[in-house]
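Listed below are the residues making up each chain.
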Amino acid sequence: MAEIKIITSLAEMRRTVASITAKRRSSGLVPTLGALHTGHASLIKKARRENDIVIVSAFVNRLQFRKKQFLEYPRTPEHDAEIAAKAGADILFTPREEEIYPKGFSSSVILPELFRTLRHQKLEWHYRGVLTIVLKLFNLVQTDRAYFGMKDPHQLALIERMVEDFNILVKIRRCPTIREKDGLARSSRNLLLTTEERKTAPVIYRSLLSAREII
Ligand code: PAF
């Protein structure tokens, strides 16, 4: 297993990006919330095949969670480094919250047209938080390609729109959803399900398959 470099400061990330650019090497970013699993590993492996340098970011983004969810979100830094290294990443970027959202931070990204379709689900605040951190990561890491699973199609569509609208020089690579044997999409949040909830959760995938059959 190759050594993985862990970067926690923005200054070090900037220096690393400058060195990657100076050597004209391509880079791929896999943005994550940490608590890595085999779904993330498949994104990392795809990035490995397509880039000289693979960077995984692991940051529990307060802006996209309700307070309780944020506090409960699994944080597994050593395990993350191991999974990322095994899958072939070169760098694990785990920025500190106070550097990402310093005192006085007040900007956010909204896409009014696409947010309208989410309004009834009351999820605008969540996607505003997602887009804000993703834009910040793109600016910090200045990567050629970024890898996202298709588990959250809203998220993917919004990120693709933002990249187009703001002329961001990154290619978004869509990656298939990785599922458990019983059909449940792999997610770090599955760790938060009770035994009962975990048992019933695969019904979502089964219902989607039935709906597809019917259509
Ligand atoms: O899908 C996720 O893991 C997160 O929403 C992301 C894209 C890493 C932003 O925090």
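Bear in mind the structure is a predicted one, so any value in this text is a computation, not a measurement.

Overview of the overall build of the protein chain
Within the protein chain, the regular secondary structure consists of 10 helices and six strands. On C-alpha atoms alone, the protein chain measures out to a radius of gyration of 18 Å, which is about the 17 Å that the 2.2 N^0.38 rule sets for 215 residues. Scored against the burial criterion, the 215 residues of the protein chain give a buried share of 43%. Of the contacts formed within the protein chain by residues at least 6 apart in sequence, a portion of 79% connects residues at least 24 apart. Accessible surface computed for the protein chain: about 12500 Å², of which carbon and sulfur atoms make up 54%. The average position of the 37 basic charges and that of the 24 acidic charges among the side chains of the protein chain differ by 1 Å.

Brief notes about a nonpolar patch on the surface
A surface patch of nonpolar side chains, amounting to about 290 Å² of accessible area, comprises V203, I204 and L208. Tracing the backbone through its elements, the reader meets V203 in helix α10 (residues 203–214).

Quick look at the packing of helix α2 (residues 38–50) against helix α4 (residues 77–87)
For the pair α2 and α4, interaxial distance at closest approach is 8 Å and the crossing angle is 40°. When the interaxial angle is binned, α2 and α4 end up oblique. Crossing handedness for the pair α2 and α4: right-handed. In contact with A41, I44, K45 and R48 of α2, α4 contributes I83, A84 and A87. Its residues assigned to classes, the contact of α2 with α4 comprises five nonpolar, no polar and two charged.

Quick look at the pattern of salt bridges
This model, assessed by the stated rule, comprises 14 salt bridges. Across the salt bridge formed by E12 and K5, the nearest N and O atoms sit 3.8 Å from each other. Since its relative accessible area comes to 24%, E12 is described here as partly exposed. You can call K5 partly exposed: its relative accessible area is 38%. Across the pair E99 and R96 runs a salt bridge, and its minimum N-O distance is 4.0 Å. Put simply, K46, E50 and R173 are held in one network by salt bridges that share partners.

A word on the site of the ligand
In the vicinity of the ligand, the residues found are P31, T32, L33, Q64, V130, I133, V134, F148 and Q155. Within the side chain of Q64, an N or O atom sits 2.7 Å from an oxygen atom of the ligand. Interatomic distance of 2.8 Å between a side-chain N/O atom of Q155 and an oxygen atom of the ligand. Surface burial for the ligand is 87%, taken as the share of its 290 Å² of free accessible area covered by protein chains. Tallied by class, the residues present in the shell around the ligand amount to six nonpolar, three polar and no charged.

Brief notes about the side chain of T143
Along the chain, T143 turns up in the loop between α7 (124–141) and β5 (145–149). At a separation of 2.9 Å, a polar atom in the side chain of T143 contacts the main-chain carbonyl oxygen of S27. There is a polar contact of 3.3 Å between the side chain of T143 and the backbone nitrogen of L29. Those residues in contact with T143, other than ones at most four positions away along the chain, are S27, G28, L29, F138, L169 and V170.

Quick look at the nonpolar core
Counting 36 residues, the largest nonpolar core has I55, F93, F138 and I172 as its most contacted members. Every element with two or more residues in this core is listed here: α1 (10–22), β3 (53–58), β4 (91–93), α7, β5 and α8 (153–165). Per-element accounting of this core gives the leading share, nine residues, to α7.

About the thresholds
Residues numbered from 1 in each chain as written. Predicted model: local features only at pLDDT ≥ 70, side-chain atom pairs only at ≥ 80, totals over all residues. Heavy atoms only, no water. Helix = DSSP H or I, 4+ residues; strand = E, 2+ residues; numbered from the N terminus. Rg over C-alpha atoms; globule rule 2.2 N^0.38 Å. Buried < 20%, exposed > 50% of the residue type's maximum accessible area, 1.4 Å probe, protein only. Contact = heavy atoms within 4.5 Å. Areas by Shrake-Rupley, 256 points an atom, 1.4 Å probe, with all protein chains shown as cover. Lys, Arg positive; Asp, Glu negative; His and termini not counted. Charge placed at Lys NZ, Arg CZ, Asp CG, Glu CD. Patch = residues over 30% accessible without salt bridge, like charges linked within 9 Å, V, L, I, M, F, W, Y side chains within 5 Å. Salt bridge = Lys/Arg side-chain N within 4 Å of Asp/Glu carboxyl O. Axes fitted to C-alpha atoms, helices over the stretch in contact; angles between N-to-C directions. Parallel < 35°, antiparallel > 145°, perpendicular 65-115°, else oblique. Left-handed = near helix turned anticlockwise from the far one by under 90°. Nonpolar A, V, L, I, M, F, W, Y, C, P; charged D, E, K, R; others polar. Near = heavy atom within 4 Å. Polar contact = N/O pair within 3.5 Å; in protein donor to acceptor, adjacent residues only side chain to side chain. Core = buried A, V, L, I, M, F, W, Y, C linked by side-chain atoms within 4.5 Å.

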